[in-house]
Amino acid sequence: MLSFTHLQQRFPDKRAPQERAHDFREISKVQRPDMAEAQASRCSQCGVPFCQVHCPLENNIPDWLMLAAEGRLREAYEVSAATSTMPEICGRICPQDRLCEGSCVIEQSGHGAVTIGAVEKFLTDTAWAEGWVEPLVPVADRSGQSVGIIGAGPAGLTAAELLRRQGYAVHVYDRHDRMGGLLTYGIPGFKLEKEVVMRRIARLEAGGIVFHRGVEIGRDLAFSALRERHDALFIATGVYRAREAHVPGAGRPGVVKALDYLIAANRVGFGDRVPAFASGELDARGRDVVVVGGGDTAMDCVRTAVRQGAASVTCLYRRDRANMPGSAREVEHAEEEGVRFLWLAAPLAFEGAQGVSGEDGPVAAVLAQRMRLGMADASGRRMPEPEAESAFRVPAGLVIEALGFDPEDLPAMFGEPALRTTRWGTLLTKSGHATSLPGVFAGGDIVRGASLVVWAMREARDAAAEIDQYLRQAASRRLKEAA
């Protein structure tokens, strides 16, 4: 260990921008074992491992880095998988620069962080290739009690695995025709190839978890009927209601929501027929594309537009680069692929062609204005303020709004007014993950608000432990009553 003193930080080689910009395969090349082991050996084995402290899953990062450095790859994988249900996915999509790697002690000392995410991805990909990933086998038979999980995203899948491991009958309900939630339909293949997600789901299905595809609770199946069917429920729907720009012209043809755009692109990648893509509505090919927003979803949109053959791609963000909420690495990748960033700029209107009155015509330009950063708000972030007389236009044949997501109105959707929410629309939970309804728990974005995949997994892990305790207590009560 401690080889950071003479070994430089090195990430896996990336495919050239001109090559990767024409397909949806992941941009990093396969890492060689000797390189992964060498990079793992850069870990300083801190007495207080801040990488672990700042990982939502509290992964035992120094331990599996040490094992990897020693060439004990199977043991390293097993330590990695002990606290994470899908380490190869976290290794690909976690913003390590804001979490574990951003907190790495040698990063703070100027040597460059250990490439934790790349090593984590390498270990689990190797485990799949070598057959080290064990089947999901319950530790006991508690199938007399069942759990219904609403939502098959990262929180739902994590809770399903952990509860099935305890032996419960687990049923997962999702509105889409494929499981995985945003892992399947929200994240493009160049960050997370879909085979990686599908093999995880296949493992869960082989382990006895029952997936109910294309079932929307409240429409196809009543929430009350679901409660009667299962001994406990876990709500992990995520947040999918897109925020809007609220500027003139927002309803024009050619102004679309980010998730609609990304879902269409991912479905096309699966080989599905997508009418809105076939008609050109959600296809960027040959168009000047403007993406409004600065998070990871905005980065997914600009890089997808590049791969669809857009004539130009521009990202419009109201703060500066240093205050962008998305991953700095994603911004770098986008710039390499030809995306133009307009920092400190916000839309005033989505305009039609000049000389065409009304708001029915297709979008032709974004009228924007320059911004500056003013005083900090309650969260500590400096608020953007408009610069006087700074309006300018950006040509746009397709505008994608990537402004974040809010919760859907679940009490109304489920027909269950007793399901209490916060003032932000997220589900209200007690000290842990129990909702206002007995036996109904919730976790992930529907409780936290829009957040990271790794936080959804952490919430699901904690909620699964609570559900397990709840079901054990219920079973104990029944045994006492029967006696």
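Our subject is the structure that appears above.
Residues numbered from 1 in each chain as written. Predicted model: local features only at pLDDT ≥ 70, side-chain atom pairs only at ≥ 80, totals over all residues. Heavy atoms only, no water.

Asks: Is there a simple way to explain the sheet that holds strand 1 (residues 142–150) in this structure?
Replies: Backbone hydrogen bonds hold the strands of a sheet together, and the pairing may be parallel or antiparallel. The strand order across the open sheet built from five strands is 3-2-1-4-15, with neighbouring strands paired in parallel fashion. Both outer strands of the open sheet, strand 3 (210–212) and strand 15 (440–442), are each paired with one neighbouring strand and no more. Along the sheet, successive strands turn relative to each other by an average axial angle of 25°, direction set aside. Sheet analysis places strand 1 next to strand 4 (residues 232–235), joined by four bridges and oriented parallel. Bridge pairing in strand 4 links Ile149 to Phe234. Its contacts with the sheet place helix 9 (residues 154–165) against strand 1, strand 2 (168–173), strand 3 and strand 4, and it is angled at close to 165° to strand 2. (Pairing = 2+ DSSP bridges. Helix = DSSP H or I, 4+ residues; strand = E, 2+ residues; numbered from the N terminus. Axes fitted to C-alpha atoms, helices over the stretch in contact; angles between N-to-C directions. Contact = heavy atoms within 4.5 Å.)

Asks: I'm lost on the pattern of salt bridges in this one. Help?
Replies: Side chains carrying opposite charge are able to pair once their charged atoms draw close together. Here the structure, examined in full by the defined rule, presents 44 salt bridges. When the shortest N-O distance is used, the salt bridge between Asp13 and Arg10 registers 3.3 Å. Here Asp13 falls in the partly exposed class, since its relative accessible area comes to 39%. With its nearest N and O atoms 2.5 Å apart, the salt bridge here joins Arg20 to Glu336. Separated by 316 residues along the polypeptide, Arg20 in helix 1 (residues 17–20) and Glu336 in helix 16 (residues 328–336) bring together distant segments of the chain. By relative accessible area, Glu336 is classed as partly exposed at 30%. Linked by salt bridges that have partners in common, Lys14, Arg20, Arg303, Arg307, Glu330, Glu332, Glu336 and Glu337 make up one network. (Salt bridge = Lys/Arg side-chain N within 4 Å of Asp/Glu carboxyl O. Buried < 20%, exposed > 50% of the residue type's maximum accessible area, 1.4 Å probe, protein only.)

Asks: Hey, could you run me through the environment of Cys315 in this one?
Replies: Structurally, Cys315 can be placed in strand 8 (residues 312–316). Separated by 36 residues in the primary sequence, Cys315 and Ser279 have C-alpha atoms spaced 24 Å apart. Sequence-distant contacts of Cys315, that is, excluding residues within four places in its chain, are made with Val291, Gly293, Met299, Val302, Met324, Val339, Arg340, Phe341 and Leu342.

Asks: Can you walk me through unusual backbone geometry in this structure?
Replies: For residues other than glycine, phi is negative in most cases, and the peptide bonds are mostly trans. The phi dihedral of Gln45 falls on the positive side, at around 50°, and the residue is not glycine. Mapped onto the secondary structure, Gln45 falls in the loop between helix 2 (33–40) and helix 3 (50–53). Its identity is not glycine, yet Glu58 carries a phi of approximately 55°, on the positive side.

Asks: Help me understand the packing of aromatic side chains, please; the structure alone is not making it clear to me.
Replies: Aromatic rings in a pair are described by how distant their centres are and how their planes are angled relative to each other. Under the defined criterion, the tally for this structure stands at five aromatic pairs. Relative to Trp343, the ring of Phe341 lies with its centre 5.0 Å away and its plane at 10°, an arrangement referred to as stacked. Overall, Phe341 belongs to the buried group, its relative accessible area being 11%. It is Arg175 that lies over the ring of Tyr240; its NZ or CZ is 5.7 Å from the centre. Positioned over the ring face of Phe392 is Arg370, at 4.1 Å from the centre of the ring. (Phe/Tyr/Trp six-rings, centres within 6.5 Å; stacked < 30°, edge-to-face > 60°. Lys NZ or Arg CZ within 6 Å of the ring centre and 35° of its normal.)

Asks: Help me out: how do you make sense of the side chain of Gln31 in this one?
Replies: You can see Gln31 is positioned in the loop between helix 1 and helix 2. What Gln31 contacts, discounting residues up to four positions off in sequence, is Pro12, Ala36, Ala118, Val119 and Phe122.

Asks: Would you explain helix 11 (residues 194–206) in this entry?
Replies: In an α-helix, one full turn covers 3.6 residues, which means residues spaced three or four apart are oriented alike. Given a rise of 1.5 Å per residue, 13 residues ought to cover 18 Å, and the 18 Å separating the end C-alpha atoms of helix 11 matches this to within 8%. For helix 11, the full list of buried residues reads Lys194, Val196, Val197, Arg200, Ile201, Arg203 and Leu204. Contact partners of the buried residues in helix 11: helix 6 (87–93), helix 8 (116–130), helix 9, helix 10 (182–185), strand 3 and helix 13 (258–270). Once helix 11 finishes, Gly208 follows within two positions and takes phi at roughly 105°, a positive value. (Expected span 1.5 Å × (residues − 1).)

Asks: Teacher, can you tell me more about the pairing of strand 4 here?
Replies: Side chains on a regular strand alternate between the two faces of the sheet. Burial along strand 4 is two-sided: the residues Ala232 and Phe234 and Leu233 and Ile235 are all buried. Here three bridges tie strand 4 to strand 15, and the two strands are oriented parallel to one another. Paired with Leu233 across the strands is Val440, a residue of strand 15.

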